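Notes for the structure review
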Amino acid sequence: MRKIAVFTSGGDAPGMNALIRAVVRGALSKGIEVYGVLGGYSGMIEGNMLKLGKKETANLISLGGTVLKTSRSKEFMQKGGRAAAAEKLKDYGIEGIIACGGDGTFHGAHDIWLEHQIPIVGTPGTIDNDLYGTDYTIGFDTAINTAAEAIDKIRDTADSHGRVFIVEVMGRHAGFIAMDVGISAGAEFIAVPETVTNLDQLYQRILTQGKQQRTIVIVGEGDEVGGANTFAQILKERYEIDAKVTILGHIQRGGSPTVRDRVLASRLGVAAVDALLAGKTDVMVGEINSEIVYTPLEETWTKRKPINDYLILLADILT
Ligand code: F6P
């Protein structure tokens, strides 16, 4: 293998740039050329590629977002789009690809391998931490730290007024962000999609706190009750409780990656190059108990990564 490509796709995540840097430098150390695909799968279809060297990856380790840009390409979901992308990759002489993204990215990667036999290795890049086959995804640690810092500030004002605050965090269908952020922020109630949310229990917690005390409620955006606005509406209509709503939103996706995300991205980037060279394909490179592991791409979305049961218990004990 003499020429490979790297790209980022789906929602950006802090640490994607550190991953790109690690892929390029890991490959260069083995005498392999690297091309960066600009704009995710859309850029692949257009053949939008750029040769990357040591100079192009300088100062990337601490940069948020992704310098290669990203997209959620509808065209690539069609066979024709994937065929056009494969043609472009072959034109450039690309013999292997490293993808960084979440389950949407891996669906596309799996398909292009099946249909066009271009070796492809995935690396987990998403703030949601919802991929089976790795303890943590690149970007998760930064996102939870950003959210926890914001909630510390909300707590000051909530405390001063003795108010109820409902804070909605991202995570799509998974509650990893909500759980870690809720515990670290000392929230009184945490609602995650993985468990059934008991609104009467929430009401009791607010009563226990009393009028002078603040109540912080963390809601994972995928909770079955709904988002923070729905919680506030139910609290008002059913229990006559006024609550303030904060939706943290895309602030959770930005910013300089934490040390943990930088190290994880660096390790997985180099491991992905090694995996391609070892002839692996259609797998995601992840880290479990500090060891590098390879999981078939399909399993990363068909198998569900559970929230640690102990954290659910812990959240209950501490609140
Ligand atoms: O997958 C990452 C994520 O930030 C989710 O937490 C969120 O549901 C989604 O992406 C938002 O996507 P977009 O920025 O395309 O609206």
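Residues numbered from 1 in each chain as written. Predicted model: local features only at pLDDT ≥ 70, side-chain atom pairs only at ≥ 80, totals over all residues. Heavy atoms only, no water.

A few points about the overall build of the protein chain
A count of helices and strands for the protein chain gives eleven helices and eleven strands. Its C-alpha atoms give the protein chain a radius of gyration of 21 Å, within 12% of the compact-globule value 20 Å for 319 residues. Dimensions of the protein chain, computed from the C-alpha atoms along their principal axes, are close to 65 × 35 × 30 Å. Counting across all 319 residues of the protein chain, residues that qualify as buried make up 53%. Taking the contacts inside the protein chain whose residues are at least 6 apart along the sequence as the reference set, 75% of them involve residues at least 24 apart. When the 33 positive and 39 negative side-chain charges of the protein chain are each reduced to one mean point, those points stand 6 Å apart. (Helix = DSSP H or I, 4+ residues; strand = E, 2+ residues; numbered from the N terminus. Rg over C-alpha atoms; globule rule 2.2 N^0.38 Å. Buried < 20%, exposed > 50% of the residue type's maximum accessible area, 1.4 Å probe, protein only. Contact = heavy atoms within 4.5 Å. Lys, Arg positive; Asp, Glu negative; His and termini not counted. Charge placed at Lys NZ, Arg CZ, Asp CG, Glu CD.)

Focus on the domain arrangement of the protein chain
Domain boundaries assigned for the protein chain yield domain 1 (3-139 + 257-302) and domain 2 (141-253). The C-alpha centroid of domain 2 is placed 34 Å from the C-alpha centroid of domain 1. Each partner contributes residues to the interface: domain 1 has 13 residues there, and domain 2 has twelve residues. Among the residues of domain 1 in contact with domain 2, Ile-127, Asp-128 and Thr-258 are the three that bury the most area, contributing 42% of the side total. At the boundary of domain 1 with domain 2, the tally comes to two salt bridges. One salt bridge connects Asp-12 with Arg-253, and the closest N-O pair in it is separated by 2.9 Å. Across the domain 1-domain 2 interface, the total number found is eight residue pairs in polar contact (both at pLDDT 80 or more). Class assignment of the residues belonging to the side of domain 1 that touches domain 2 gives a composition of three nonpolar, four polar and six charged. (Domains from an automatic or database assignment. Buried area = accessible area lost by both parts, 1.4 Å probe. Salt bridge = Lys/Arg side-chain N within 4 Å of Asp/Glu carboxyl O. Polar contact = N/O pair within 3.5 Å; in protein donor to acceptor, adjacent residues only side chain to side chain. Nonpolar A, V, L, I, M, F, W, Y, C, P; charged D, E, K, R; others polar.)

Structural notes on the packing of helix α6 (residues 176-184) against helix α11 (residues 309-318)
Contact geometry of α6 with α11 gives a least axis separation of 10 Å together with a crossing angle of 30 degrees. Between α6 and α11 lies a crossing whose hand is left-handed. Residue-level inspection shows Met-179, Asp-180 and Ile-183 of α6 in contact with α11, the latter providing Leu-311, Ile-312, Leu-314, Ala-315 and Leu-318. Of the residues assigned to the contact of α6 with α11, the class counts are seven nonpolar, no polar and one charged. (Axes fitted to C-alpha atoms, helices over the stretch in contact; angles between N-to-C directions. Left-handed = near helix turned anticlockwise from the far one by under 90°.)

Quick look at the sheet that holds strand β8 (residues 215-220)
Within the open sheet, the four strands sit side by side as β7-β8-β6-β9. Their pairing is parallel. Edge positions in the sheet fall to β7 (189-191) and β9 (243-247), since each has one partner strand and no second. Direction aside, the axes of adjacent strands within the sheet are offset by 20 degrees on average. Bridge count between strand β6 (residues 164-169) and β8: six bridges; the pairing is parallel. By the bridge assignment, Glu-168 is partnered in β8 with Val-219. The sheet strands contacting helix α8 (residues 228-239) are β6, β7, β8 and β9, and the helix crosses β9 at an angle near 175 degrees. (Pairing = 2+ DSSP bridges.)

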